[in-house]
Amino acid sequence: MSEQEASRWNHTPDLPIQVSPLFRWPLRPVAILRWFWASWFLVSEKLLILGIAMVSWFWFTPPIEQMQSLALGWVAELWLRNFVLIGVVAAALHWWFYAHQGQGTRLKFDPRAMKDGRSFTFGRQVWDNAFWTLSSGVAVWTALEVLMLWALANGWIPWLTFAQNPVWFVAIFFLIPIWESFWFYWIHRALHWRPLYKIAHHLHHRNTNVGPWSGMSMHPLEHVMFLGGVLVHWLFASHPLHILFHLQYYTLSAVTTHSGYAALLVKDKERLAMGTFHHQMHHRYFECNYGSLEIPWDKLFGSFHDGTDDGRDQMNARRKRLAGKLGG
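Definitions and limits used
Residues numbered from 1 in each chain as written. Predicted model: local features only at pLDDT ≥ 70, side-chain atom pairs only at ≥ 80, totals over all residues. Heavy atoms only, no water. Core = buried A, V, L, I, M, F, W, Y, C linked by side-chain atoms within 4.5 Å. Buried < 20%, exposed > 50% of the residue type's maximum accessible area, 1.4 Å probe, protein only. Helix = DSSP H or I, 4+ residues; strand = E, 2+ residues; numbered from the N terminus. Patch = residues over 30% accessible without salt bridge, like charges linked within 9 Å, V, L, I, M, F, W, Y side chains within 5 Å. Areas by Shrake-Rupley, 256 points an atom, 1.4 Å probe, with all protein chains shown as cover. Salt bridge = Lys/Arg side-chain N within 4 Å of Asp/Glu carboxyl O. Pairing = 2+ DSSP bridges.

Caption draft 1: Molecular detail of the nonpolar core. By size, the foremost hydrophobic cluster in this structure holds 53 residues, and its most contacted members are Ile86, Phe173, Met216, Phe226, Leu227 and Phe245. At 11 residues, helix α5 (residues 125-153) tops the list of elements feeding residues into this core. With 14 residues, the next largest nonpolar core counts Leu107, Ala262, Ala263 and Leu265 among its residues.

What follows is the structure in structure tokens.
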């Protein structure tokens, strides 16, 4: 990286950014296994969210028999659980990284402070982000969870238990993040279509620099589109635990990946990977890195920025070509 490029960022990971080995050719089974191990074990965001989903299912979800009929009581219980869950996670990370300055600027991507101004609801970025997260975000999340659990309780979605097929039961958890990568790219590209951007996605992109509350700060239409990927479970047998993990992975990973920091430091050691530089660049540059690194859609469609000077030059060249086409 040149001094010019380095000056734009406070911290960068090893560059160039690499996509996962899942869809590289020829396939490298050892590299794929190492990638799965690194992204899941021993302490990882995915494993922690799976643990939260299990606690949610066993202790903070009403009996499935109650869900055969829609009732305010159990719906409100799910809403309260989701409200508290994302509120605690986002608030804790915001307090540690920004209010308390628990690790200063170590591993912080963007050297700039978050902005306030009239473009934000209430004139404050954090308040704006928290409002859209806790209002629309929790409401749409809960509505989709209610729909899915209600359908499972009534047998409209076939059940899958661990005893029936333990291998497939476990495999679904590993496949959900890959499906999320597929879904997120195409939904995100659609949201950058000018009409949808003006209606909905501009709200999320108020955040040119992000914090934990930014991840789920979206217009209600974007919440429906983003979280709607969970509807894939209508197509194959699932367990309620898969539904909870799927929705909590969508929502809680949005909080962590927008934290603005590469990792959580404990005693000066990186203990938990957090934000992604890949997506941080999207918030600054807009016309790049629409997807995530599991599936290399951005590489296939020419919108990948690998964090290097060459990547920036390619992005600027794309901008000029697009401006030429629009001008013509």
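Caption draft 2: A look at a nonpolar patch on the surface. Together, Met54, Val55, Phe58, Trp59 and Phe60 make up a nonpolar patch on the protein surface, roughly 560 Å² of accessible area in all. Mapping tryptophan 59 onto the fold places it in helix α3 (residues 45-59). What makes tryptophan 59 exposed here is its relative accessible area of 64%.

Caption draft 3: Looking closely at the pairing of strand β1 (residues 263-266). Here β1 shows a clear split, with Ala263 and Leu265 buried on one side and none of Leu264 and Val266 buried on the other. Taken together, the four bridges between β1 and strand β2 (residues 269-273) define a ladder with antiparallel strand orientation. For alanine 263, the partnering residue across the bridge sits in β2 and is alanine 273. Hairpin remark: β1 followed by β2, antiparallel, with two residues in the connecting loop; positive phi at lysine 267, about 55°.

Caption draft 4: The arrangement of the pattern of salt bridges in detail. By the definition in use, this model includes seven salt bridges. Between arginine 112 and aspartate 110 there is a salt bridge, and its shortest N-O distance comes to 2.8 Å. With a relative accessible area of 32%, arginine 112 lands in the partly exposed category. Where arginine 284 meets aspartate 110, a salt bridge forms, and the shortest distance between an N and an O atom there is 2.9 Å.

Remember that the coordinates give geometry; whether it matters functionally is a separate question.
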